[in-house]
Amino acid sequence: MKQGEVRVRIAPSPTGYFHIGTARTALFNYLYALKTGGKFYLRIEDTDKERSEKKYEEDILEGMKWLGFTYEPEVLRQSERGEIYGKYVRKLLEAKKAYYCFCSKELLDKEREEQMAKKMPQVYSGRCRNLSEGEIEEKFAKGERAVVRIMTPLMEITFSDAIRGEVKFDTQYIGDFAIAKNADGKTLEALYHLAVVIDDYETNITLVIRGEDHLANTPKQILIQEALDLPRPEYAHLPLILDEKRAKLSKRFAATALSDYRKEGYLPEAMRNFLTLLGWHPVDDKEIFTLEEIAAEFTLERIQKGGAIFDGKKLRFLNAHYLRSKSDVELAGLLEIEVTEQNCKKIAAVKERMDTLSQFSILTDFFDALPEYPAERLIWKKSDKETTGKNLLKISEIFNTNNNFSQAKMAIETYAEEEGRGEVLWPLRVALSGKEASPGPIEIMEVLGLAESQERVKKALKNLGF
RNA sequence: GCUCUCAUCGUCUAGCCCGGUCUAGGACGUCGCCCUCUCACGGCGAAAACAGGGGUUCGAAUCCCCUUGAGAGCACCA
């Protein structure tokens, strides 16, 4: 490792779809790597075999790609590193810095309840600390399984967090926590804290940027580092993303999955911009920026300490903004529709009216099929049935006598100026769209073509009784 | 319950470290006006916050303490 080289990582566990909070943690890590010229790693934390699933891992990979976060090609999977973890656990066991514990889950639960009742901190009693070699052998021989606990010395652990400053923990409130499970004397399965420490060490991670929910985990991981005589990385704990009730956004809710936003038609640039603003702010009042612009200015110091409520309205605003900045051809690609002249005209007509891609079909449905609508809708608020009919008749006549679009357009515009724009344009627009709200009539005509437009105007006249 | 963390408009936040320039700035949202055939876009404008109480100081959103509130962690999950 080069001296002073920055190495950060994102370490999601594939026990659910790529969470919006994980995406933001990834973003801040990525931003930091970009800013410092450091390396960004992805690590899959799938030590929990029961809950980890391949489809979730794939979702995470896809999400990273969608967001445009590139990472180093070496992706660690904890499920493949059991032997390495075992080596370290054994080292701890041999050094008497960790021990086997055979306490049953029931016993542990009971102890915890008692401690709770007595208003005591919930920590393991240390009962199995002094089990003799013989006793341990015997239990294993009988087929008993154990967990491995680290022997926690009584001390104060102080670490400096890049966002929160100095944080202190007293280890008496931590106790001997488990670092491995299912030990039968020969094999064992490493648990989260151990795996994290080992992996961060072996990949030379220099700065751990993660969610605030890990703040209280940090002293435990430091304890493992010290027992193993490993260097301590720096830490930066990000505030959490909250729901409207100010509780942590949970994976249990579908709307927290990044892929849901992608499916709904949000753009990655909008998502990145939004997630950045959720806890970080530049020096000036600028709020819309590219990844490169943010990275250039990004500093951990400007990260907010308090949790931020996820504001879907602002996300929509940002998305609408980015949607409008796209060209018609780009949008056709995003919408996965053919780049035809027709489609581009449709896109141009509704572009500034949609805030997610998924609205496109709703906004443009009337092009393909004129919806049923009440005849009264054709009458402008300041007008009446007679005038409306007269104007529609005139438009129909214009369609008959002009066989190219620009001629027809000019004739209609001239007529509208003479008769009053609302008197002409409103009924025409409703005749063409059937809707209260839609793009302008000329825009619609352009997509529909003269023949179809004439059809729809005739239909309107019929509905009105002309 | 124990431990830790946090606290400016409804929401995201600027300002706080280095007290006065803060009658507290911006953005989303809301409301109004303009533009306008409708909706949207765009433009202009309005309402809207320093959690409370004590200090320190000539002076506090900014520094200190307490209270209150909120959140997270306390697994043989990650």
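Everything below is about the structure printed above this text.
A few points on the structure.

Conventions adopted
- Residues numbered from 1 in each chain as written.
- Chains lettered and ligands numbered in written order.
- Predicted model: local features only at pLDDT ≥ 70, side-chain atom pairs only at ≥ 80, totals over all residues.
- Heavy atoms only, no water.
- Buried < 20%, exposed > 50% of the residue type's maximum accessible area, 1.4 Å probe, protein only.
- Helix = DSSP H or I, 4+ residues; strand = E, 2+ residues; numbered from the N terminus.
- Pairing = 2+ DSSP bridges.
- Near = heavy atom within 4 Å.
- Polar contact = N/O pair within 3.5 Å; in protein donor to acceptor, adjacent residues only side chain to side chain.
- Disulfide = S-S within 2.5 Å.
- Salt bridge = Lys/Arg side-chain N within 4 Å of Asp/Glu carboxyl O.

## What to know about the pairing of strand β5 (residues 146-150)
Move 1: Counting buried residues in β5 gives four out of five residues, a clear majority hidden from the surface.
Move 2: When strand β4 (residues 98-101) meets β5, the two strands line up antiparallel, connected through four bridges. Bridged to Ala98 within β5 is Ile150.
Move 3: Bridge count for β5 against strand β8 (residues 178-183) is three bridges, and the pairing is antiparallel. Residue Ala146 lies in a different strand from β8, and its bridge partner there is Ala183.

## Observations concerning the protein's contact with RNA strand B
Move 1: The local shell around RNA strand B holds 67 residues, among which Asp48, Leu191, Glu352, Arg353 and Arg421 are the closest.
Move 2: Each atom of RNA strand B within 4 Å of the protein belongs either to a base or to sugar and phosphate, the latter forming 71%.
Move 3: A distance of 3.1 Å is found between a phosphate oxygen of RNA strand B and a backbone nitrogen or oxygen belonging to Tyr192.
Move 4: Between Arg246 and RNA strand B, the recorded distance is 3.2 Å, taken from a side-chain N or O atom to a phosphate oxygen.

## A few points about the state of the cysteines
Move 1: One pass over the structure, following the stated rule, counts zero disulfides.
Move 2: Free of any disulfide, Cys128 has its nearest cysteine sulfur in Cys103, 3.6 Å distant.

## What about the pattern of salt bridges?
Move 1: In this structure the tally under the stated criterion is 33 salt bridges.
Move 2: Linking Arg7 and Glu5 is a salt bridge whose minimum nitrogen-to-oxygen distance equals 3.3 Å.
Move 3: Given the relative accessible area of 11%, Arg7 is considered buried.
Move 4: You can call Glu5 buried: its relative accessible area is 14%.

## Looking at the pairing of strand β7 (residues 165-170)
Successive residues of a regular strand alternate their side chains across the two faces of the sheet.
Move 1: Alignment of strand β6 (residues 156-161) against β7, held across six bridges, turns out to be antiparallel. Each bridged residue has a counterpart across the sheet, and for Asp161 the counterpart in β7 is Gly165.

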